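# A closer look at the structure
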Amino acid sequence: MAVAFALITALAWGLLEVLLLRAAKRTTAFVLGLWMSALGVALTLPFAVALEPVPDLSGWAFATVPGVLAVIGSLLYWQALRVGKLSVVSPTVAMNAGLAAVLAVVLLGEELSTPQVVGLGAAVAGVVLASAGRGWGTTGVAWAVPSALVLGFYTIGLALSVERVGVFWAVLAYRVTGVVILGVIVAAQRARARLDPTIRNAVVSAAILDTIGFVSLSYAFSIGSVAVVAVVSAQFSTVAVVLAAIVLHERLLARQWAGVALVLVATAVLSAIR
């Protein structure tokens, strides 16, 4: 069941990347992040209040700390999309799952079976192949690599926050943190926070998909292995690479298609393991 929810996350995030690509090129990462955060709060708050007990101050503070990492990682990611190619940026950022899997074993003491280790290794290798296009020298990668590193640590923080405050409150903590931090930055820059009408619908749709993805991911963490869920959810990059080829007509190399195939097989293996 955890793998199923992780796959929902992968699908939602893969779709939103295509939506955000154009938006990221038409506004700054700070303004885009502010809108994504504000819309995320509006979408998540009603469910948090209705379905889960309100966390105490210490719990809220605990969940806010990884939220800061998420804001930083997301800003780097959106900047990478702004200047880079989707078929390169997405798989590079998705490498955060490999770091998260290692951290889950080292810091959380998770024990993985041999089939799980093989499946996780194959999934990570598939992402590497899928991202091995012609664009490694692009500016987008320079932003995507640090994003992957920061988001790897955030993934562990999110899993711990879910355990401490619940699924919806953990997601909400990230979004509220984003509103506060990015609101201050945009105000200090005296930037125009209003969205271009040509990308408004895309940003709203992306925020809905992003919220679905984060809630599904958080729920998957609450019932499954953090390492497995992190790697499976990172297959959003596979979805994005395929969509980039189909929708954006970004040409993929043979090794990239091989990576996509390897990811699909690895995910099927992980899904079958009980």
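Here the structure is shown first, and the text comes after it.
Residues numbered from 1 in each chain as written. Predicted model: local features only at pLDDT ≥ 70, side-chain atom pairs only at ≥ 80, totals over all residues. Heavy atoms only, no water.

Here we come to the nonpolar core. Residues Leu20, Leu32, Met36, Trp78, Leu81 and Leu158 are the most contacted members of the largest nonpolar core, which totals 78 residues. Broken down by element, the residue count for this core peaks at 12 residues, all from helix 1 (residues 2–24). Ignoring any residue separated from it by four or fewer positions in sequence, one finds leucine 158 in contact with Pro66, Ala170, Phe214, Leu217, Ser218 and Phe221. (Core = buried A, V, L, I, M, F, W, Y, C linked by side-chain atoms within 4.5 Å. Buried < 20%, exposed > 50% of the residue type's maximum accessible area, 1.4 Å probe, protein only. Helix = DSSP H or I, 4+ residues; strand = E, 2+ residues; numbered from the N terminus. Contact = heavy atoms within 4.5 Å.)

Another aspect to go through is the environment of alanine 191. Here alanine 191 lies in the loop between helix 8 (167–189) and helix 9 (197–223). For the pair alanine 191 and threonine 28, spaced 163 residues apart in sequence, the C-alpha separation works out to 9.3 Å.

Our focus in this paragraph is empty space enclosed by the protein. Taken as a whole and judged by the stated rule, the model has 3 cavities of 30 Å³ or more. Empty space within the largest cavity amounts to approximately 340 Å³. In terms of lining, the largest cavity is formed by 24 residues, of which the most central are Trp13, Tyr77, Leu151, Phe214 and Phe236. Among the secondary structure elements, those contributing two or more residues to the lining of the largest cavity are helix 1, helix 3 (57–83), helix 7 (139–165), helix 9 and helix 10 (226–233). Of the residues in the lining of the largest cavity, the class split is 18 nonpolar, 4 polar and 2 charged. (1 Å grid on protein atoms, 1.4 Å probe; cavity = no way out; pocket = protein on both sides within 12 Å on 5 of 7 lines; lining within 4 Å. Points joined across faces, edges and corners; volume = space filled by probe spheres on them. Nonpolar A, V, L, I, M, F, W, Y, C, P; charged D, E, K, R; others polar.)

Glancing now at the packing of aromatic side chains. In total, this model carries 8 aromatic pairs according to the counting rule given. Summarising the aromatic geometry, the rings of phenylalanine 5 and tyrosine 219 are spaced 4.7 Å apart at their centres and angled 65 degrees between planes, so their arrangement reads as edge-to-face. Separated by 214 residues along the polypeptide, phenylalanine 5 in helix 1 and tyrosine 219 in helix 9 bring together distant segments of the chain. Summarising the aromatic geometry, the rings of tryptophan 13 and phenylalanine 236 are spaced 5.8 Å apart at their centres and angled 80 degrees between planes, so their arrangement reads as edge-to-face. In this pair, tryptophan 13 is assigned in helix 1 and phenylalanine 236 in helix 11 (residues 236–246), connecting sequence segments 223 residues apart. Relative accessible area serves as the criterion here: at 13%, tryptophan 13 is assigned to the buried category. Here a set of aromatic residues connected by ring pairs shows up, and it is made of Trp13, Tyr154, Tyr174, Phe214 and Phe236. Here the basic side chain of arginine 164 rests over the ring of phenylalanine 62, its NZ or CZ set 4.9 Å away from the ring centre. (Phe/Tyr/Trp six-rings, centres within 6.5 Å; stacked < 30°, edge-to-face > 60°. Lys NZ or Arg CZ within 6 Å of the ring centre and 35° of its normal.)

Scanning the entire structure with this criterion turns up 1 salt bridge. Note that aspartate 210 and arginine 175 form a salt bridge whose closest N and O atoms lie 2.2 Å from each other. With aspartate 210 in helix 9 and arginine 175 in helix 8, this residue pair connects regions lying 35 residues apart in the sequence. An identical accessibility class is assigned to aspartate 210 and arginine 175; each is buried. (Salt bridge = Lys/Arg side-chain N within 4 Å of Asp/Glu carboxyl O.)

Moving on, we come to helix 1. Between its first and last C-alpha atoms helix 1 spans 31 Å; for 23 residues at 1.5 Å apiece the expected length is 33 Å, and the two agree. The largest bend along helix 1 measures about 30 degrees and falls at valine 18. (Expected span 1.5 Å × (residues − 1). Bend = angle between axes of the 7 residues up to and from the residue.)

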